[in-house]
Amino acid sequence: MSANEFYQLRVNGKTHQVQDSWVGESLLYVLRERLGLPGTKGACEQGECGSCTVLMDDAAVCACLVMAATAINSEIVTVEGITTESALTDVQQSFVDEGAVQCGFCTPGLIVAVHHLLEKNPQPSEFEVKEAISGNICRCTGYGRVFAAVEATIRSRNAVK
Amino acid sequence: MATSSTVTKPRDILGTSALRPDGAHKVQGSFEFTSDMHAENMLWGATLRSPHPYARIVSIDTSAARALSGVQCVITASDVPGKPTYGLISSDQPVFAREFVRYMGEPVAAVAADHPETCRRALALINVVYEVLNPLTDPEDAVSGAHDPIHPDGNVIRHQRIIRGDQTATGPIVVEGEYVIGMQDQAFLGLEAALAIPDTDGLGVHLHVATQWLHEDLSQISACLDLPAEKVRLTLGGVGGAFGAREDISLQVHCCLLALKSGRPIKMQYSREESFFGHVHRHPATIFMRHHADSNGKIVKIDARFVFDGGAYTSTSPAVLINGITHTQGPYKCDNATVDGYAVRTNNPPCGAMRGFGVVQACFAHESQMDKIAAAVGKSPVEIRLINAMVTGDPLITGQVMESVAPVARCITETDAIPLPQPLGTTVNELALPGGSGLTASRSNIIRGIGWGVSMKNLMYSEGFDDYATARCTLADGVASLKFATSEVGQGFVTLAPQIARSVLGVDEVIIEPIDTQIGSAGSTSASRQTWMSGGAVDGACRLVRERLFHHVGNLHSIDPLRLVIDGTDVIDQVGTFRISVAEASDGIEISETFEHHHRATEELDENGQGNCHTAFAFVAHRAVVDVDPELGLVKVVQIATAQDVGRVLNPLSAIGQLEGGIAQGLGLAVMEEIVMKDGKVRNPSFTDYLLPTALDAPDVVAVMIEEYEPQAPLGAKGIGEPPCISVTPAIVAAIRNAIGKDIERIPVRPQDICL
C-alpha cells in the first residue's frame, strides 16, 4: 500500500497521530486498527446497523460511513470515551442489570446512542426511544430488554433529582 | 429489640437472575470479539469467490496477484495438503473449488497481504476463466432428475418417507395447501472472524475462532490440513451471535492454510456481503399438506410432501429434512400419516442450520392447516388446537412415544388468558402504524387481526447421534473452576454454568477457564441443547466434586459422608449439629473431576420413517396481534402473547431474553427477511436490502413460562432457544389473514402478497 498520509484526530478528548494511513480508510477502520480503540464495532459497512455508532461533534454517526481523513477538525467520542475507569455509567449498568446484553456486538453502539439520546432528551417518550435506537440493529434480544434498560436509566436519573 | 442491619446479597444460584459475567466488558466495549484480536507480525487474509452459480473452472492465474507489493501468498485448491473437502454430515464441500463452482460465492482462492485493501486489490488481480454452465435452481428439477447431476454425489441429498397407520383413512373435512418458505439469514451481528497463529516449527497452528462447535471444527480442519489433531488447537474467540450460521466451516481452513503457508499470523474477517455468501442459510422449502379431519375438527390423517432446497453442498440438510418431516403433525395427536420428504442439491447457496432447524418450515405449514380445519368446522383457532393437543404418552407419526412433559393445552390456554392489547385509537402516533417512520399509512385504513401458532420442537441431536458434553470442575480453597469447550455465542452459558456450581457446591466464586479444545467436546451450541447437555455435564462434574468433598470432611470429622449436605455455603450434618463452610472445608486441598453427560440413545428411522429418533421435545404457543394496511400491504406486529414450556426457569432474565429475541427473528421471517434469489444469484447480500427487525418493529411481548419439571433433563429445564422463533411466524401470518380475509401461503409475506 502507498502509505504516506499523516493527520491528527481528536478522539475522546485526546489528539491522536494517524500515520502511514491509506487515505481511503474509514473512521471505523482507523479507530479500530490504528488507534487501538476496538470498542466501536463493524457489522454492515453501510450505515444500516449502528454497531459503529460514535459521536462526531455531538452528533451520532456511523463511523463506517465517515472517511477518517475528513474527521480531522471534529471531536470524536467512542464507547471508550463514554466509559469511566471508576464504575459503569448508569446506562451501562442498566444494560447489564436489565439483560440488554447477550452476544454484546451491538452493545457499544447502543450505549453511545442511548447516552446521546438521554443527553439531548432526558425524558424521551416510548416512541422517541424507539426511533432514537432504530438505527441500531440487535439480533439477539428482540429489543425488549434494551427498552427496559433505557427506562431503568431514566427512572434512576429522575430519582436522583 | 435489637435489630441487625446486615444485608445479605442474594447468591447467584439456579433460579435467580444472575447477571452475565461478561456484561461489564461488553457495555464498555472492552470485551474482545474475535474480530478485535491481533498478533505481532500479523497479515490479513481474504477470499476470492465465484461470481457464477454454476461454472467449470478453465484456468486460474494468480501470478499478477502474487506480484503485487504487500502480498505474501496466494492459495488455491492445489495448496490444500489434506482432504480437499469438508462437511458436517457428508464431506462434499471443497475447501476451494477445483474443477467446478457450484454456487455464487463459492471460494476459489485466498490471499494473505499486509492490509485489507491490498487483499482486495490482489483478489481483483486473480484471473479465473470460467465456462459458465446452466445452473440447477429449481429444487423440483433435482427431485425429478430433469437436470444432470451437479455433483458426483447426485442431486438428491436425502429422501425419507413416513408411513404410519391407515393409509386410506379420511374424514368429512379435507383441507390442503402448498406452503412456501423463503431463505432466511441468521444475520448475527459479529461477522465471521478468525486469527490463526502458526507454530514456530511450522508443524501446527493455533486458531482463535468464533464458532458454535470447537471440536467438530477441529476434526474437519485437521483433516484438510493433513495434521494430527493435537497439532491443531482451537480457542473460542469472542462470538457475536450465531443462530446456526457458525456450525459449518467457513473461513477456518483458509485462515489456517494461509498461516501455515506464510509462516505468519493471519487474521480473516468477512464483510457483511461476504458473510451472506460465507455461511449457510435457513432452507427454503415447499411443503404440501393435506389434513383429513372428523366433523369436530379432530385430525384423522395427514398427507404431506416436503422439498427442502439444500443448495450446492450437504451441510446439515439430511438432519433438517428429518426434523421437518417428523414435525409434520406439530403438537397434535395424529395416528395416520403419509409423508414424503426430499432434501436436494441445487446451485443455490448451501443451506444448513438456523434456529428452529427444519421445524420452522413444517410449523408454518401445519399451523396454516389448523386454521383451515378450524374454519371448515366452524371452530376458533384456540378450540381447534385444544381439541387436537398432544399429551405425554401419545404416539408420534414416527411411532416414538412422547415421553417429554407435554403441556400443550396449558401453553394454549395460558396464552389465551393474556389480555389483548388496547384497540388502536383514532389518533395514534404515526410510528405505531404499519410502515412506521415511512409515515405512509393512514389510520382510517388500518385493520387489526389476531392469529395463532403452536409448535413442538425436538431438543438435542437425533437419529442415533451421541452429542455428549464434557465439563471439569476443580474445587480449591473455596473457589470452583469450570472447564468446558461449550461455545458461548451470546446465549448465556457463561452465566448459567457458575449458577450450577454455586447451587451444587455452595461456593460463591466461580472461575470459567478458557474455552478451547484442551478438554473433551461439548457438542454444538445448537438444537437448544447446551443448558441440558453442557449444563448436565457441569452439574455432573460438580456433584462428583461434592461427593469427594463430603468424604474428605467426613474422614476429618468422623461423620458418615452420606449424612453431609450443602446448606447455602456450608457443609452440614443433616442429623447432627456439625457445620463448616465450604471455603474452610476445601482449604488447602484441590478436588477435580470431569464428567461427560450423554442423553438417552436415539435410533435411525427405518424406510417407513419409524423409529425413536428424537431425544426430547419442548412446546410453545404464540398469539399475534397485527395491524395491516391492506392498500399498501404493510404490517405492524402489535403484540405477541406467548406461553412456553420451559421445564424449569434457571435464570429468568436470560429466559425472557431468549423468548423476546427468538420472537423478533420469527417476526423477521414472517414479514421482512428473505434472501432473494434469481437464477442462482443472490440479489440482496447487504443490510440495506436484507431487512431486519429494528426497535420500531419490535412488538410488545407478554410471556408466561410454563414450569413443569422435566424429569429427563439433568436440571429439570428444557432448552428454550429455538421454540420462541418457530410458531410466532405462522401466528403473525394467521393474524394478517384474519385482518384482510385473504389466504397467504408463503413467507415472508410481502406487500404485494397483501395488496395485490
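This is a predicted model, so every value here is computed, not measured.

Undergrad: Would you take a moment to explain the overall build of chain B for this structure?
TA: What chain B contains, in helices and strands, is 17 helices and 31 strands. For 756 residues, the compact-globule formula gives about 27 Å, and the C-alpha radius of gyration of chain B, at 27 Å, lands near that figure. Over its C-alpha atoms, taken along the principal directions, chain B stretches across nearly 80 × 75 × 55 Å. When burial is assessed residue by residue, chain B has 59% of its 756 residues classed as buried.

Undergrad: Quick question: what am I supposed to make of the sheet that holds strand β13 (residues 232–236) of chain B here?
TA: Residue and element names in this part refer to chain B. An order of β3-β7-β1-β14-β11-β12-β13 is seen for the seven strands of this open sheet, with the pairing classed as mixed. The open sheet has two edge strands, β3 (71–75) and β13, and neither has a second partner. Taking each pair of neighbouring strands and ignoring which way they run, the sheet shows an average axis angle of 20°. Pairing between strand β1 (residues 43–49) and strand β7 (residues 107–113): six bridges, direction antiparallel. Along β7, the bridge assignment pairs Gly45 with Ala112. Here helix α5 (residues 214–225) sits on the sheet and contacts β12 (205–209) and β13; the angle it forms with β13, its principal contact strand, is near 145°. Against the sheet, helix α6 (residues 252–262) touches β1, β3, β7, β11 (193–198), β12 and β14 (266–269), its axis set at about 30° to β11.

Undergrad: Which parts of the structure should I look at to understand the nonpolar core?
TA: Nonpolar side chains in soluble globular proteins generally cluster together in the buried interior. Membership of the largest hydrophobic core comes to 297 residues, with the highest contact counts inside it found for Cys256(B), Ala501(B), Val538(B), Val626(B), Ile732(B) and Ile736(B). Leaving out residues up to four positions away in the same chain, Val626(B) has contacts with Gly449(B), Val635(B), Lys636(B), Val637(B), Val638(B), Ile732(B), Ala735(B), Ile736(B) and Ala739(B).

Undergrad: Would you explain the interface of chain B and chain A in this entry?
TA: The figure often quoted for interface size is the accessible area lost as the parts come together. In this complex, chain B contributes 52 residues to the contact, which on the side of chain A involves 43 residues. Elements supplying a minimum of two residues to the side of chain B that touches chain A: α1 (23–28), α3 (116–125) and α15 (652–671) of chain B. Here the side of chain B that touches chain A takes eight residues from α15(B), the largest share from any one element. Classifying every residue of the side of chain B that touches chain A by side-chain character gives 22 nonpolar, 22 polar and eight charged.

Undergrad: What is the right way to read the pairing of strand β26 (residues 616–629) of chain B from this model?
TA: Side-chain positions along a regular strand alternate between the two faces of the sheet. All names here are of chain B. Counting buried positions along β26 gives 14 out of 14 residues, so the element sits mostly inside the fold. Of the two faces of β26, both are covered, the one formed by Ala616, Ala618, Val620, His622, Ala624, Val626 and Val628 as well as the one formed by Phe617, Phe619, Ala621, Arg623, Val625, Asp627 and Asp629. Summarising the sheet, strand β18 (residues 447–459) and β26 pair through 13 bridges and their orientation is antiparallel. Considered in β26, the bridge of Met456 is made with Phe619. The pairing of β26 with strand β27 (residues 634–645) spans ten bridges and is antiparallel. Bridging from a neighbouring strand, His622 pairs with Thr642 of β27. Between the antiparallel neighbours β26 and β27 lie four residues, among them Gly633 with a positive phi of about 75°.

Undergrad: Could you clarify how one ought to interpret unusual backbone geometry in this entry?
TA: Peptide bonds are, in most cases, trans, and in most cases residues other than glycine have a negative phi. Each neighbour pair has its own omega, and for Ile747(B) with Pro748(B) the value is -5°, a cis peptide bond. For Pro748(B), the location among the structural elements is in the loop between β31 (746–747) and α17 (751–755). The backbone of Asp20(A) shows a phi angle near 55°, a positive value even though the residue is not glycine. Structurally, the position occupied by Asp20(A) is in strand β2 (residues 14–21). A residue is classified by how many C-beta atoms lie within 10 Å of it, and Asp20(A), with 11 of them, is exposed.

Undergrad: Even after reading the chapter, I still don't get the environment of Pro630(B), so can you show me in this structure?
TA: Residue and element names in this part refer to chain B. Relative to the helices and strands, Pro630 resides in the loop between β26 and β27. Judged by C-beta crowding, with 17 C-beta atoms within 10 Å, Pro630 ranks as partly exposed. Spatially, the C-alpha atoms of Pro630 and Ala77 are 53 Å apart, while their sequence positions differ by 553 residues. With residues up to four places along the chain from it excluded, the contact list for Pro630 reads Asn445, Ile447, Ile740, Ile754 and Cys755.

Undergrad: Just checking my understanding: could you explain the environment of Val646(B) for this structure?
TA: Residue and element names in this part refer to chain B. With respect to the secondary-structure elements, Val646 resides in the loop between β27 and α15. The class of Val646 is buried, set by 26 C-beta atoms lying within 10 Å. The spatial distance from the C-alpha of Val646 to the C-alpha of Ile397 is 24 Å, given a sequence separation of 249 residues.

Undergrad: Help me understand the sheet that holds strand β24 (residues 579–581) of chain B, please; the structure alone is not making it clear to me.
TA: Two strands in a sheet stick together by hydrogen bonds in their backbones, pointing the same way (parallel) or opposite ways (antiparallel). All names here are of chain B. Here three strands make up an open sheet; going across it, the order is β22-β23-β24 and the pairing antiparallel. Lying at the two open borders of the sheet, with one neighbouring strand each, are β22 (564–567) and β24. Averaged over all adjacent pairs, the angle separating strand axes in this sheet is 30°, with direction ignored. Note: strand β23 (residues 570–573) against β24, three bridges, orientation antiparallel.

Undergrad: Hey, could you run me through the packing of helix α3 (residues 90–97) of chain A against helix α4 (residues 107–120) of chain A in this one?
TA: When two helices pack together, their arrangement is captured by the angle between the axes and the distance separating the axes. Residue and element names in this part refer to chain A. Direction vectors running N to C along α3 and α4 enclose 130°, while the axes themselves pass 10 Å from each other. The angle between α3 and α4 falls in the class oblique. Handedness of the α3/α4 crossing: right-handed. On the side of α3, the interface is formed by Val91, Gln92 and Phe95, while α4 contributes Thr107, Ile111, Val114 and His115. Per-class residue counts for the contact of α3 with α4 are four nonpolar, three polar and no charged.

Conventions we followed
- Residues numbered from 1 in each chain as written.
- Chains lettered and ligands numbered in written order.
- Predicted model: local features only at pLDDT ≥ 70, side-chain atom pairs only at ≥ 80, totals over all residues.
- Helix = DSSP H or I, 4+ residues; strand = E, 2+ residues; numbered from the N terminus.
- Rg over C-alpha atoms; globule rule 2.2 N^0.38 Å.
- Buried ≥ 20, exposed ≤ 12 C-beta atoms within 10 Å, placed from the backbone.
- Pairing = 2+ DSSP bridges.
- Axes fitted to C-alpha atoms, helices over the stretch in contact; angles between N-to-C directions.
- Contact = placed C-beta atoms within 7 Å.
- Core = buried A, V, L, I, M, F, W, Y, C linked by C-beta atoms within 7 Å.
- Nonpolar A, V, L, I, M, F, W, Y, C, P; charged D, E, K, R; others polar.
- Parallel < 35°, antiparallel > 145°, perpendicular 65-115°, else oblique.
- Left-handed = near helix turned anticlockwise from the far one by under 90°.

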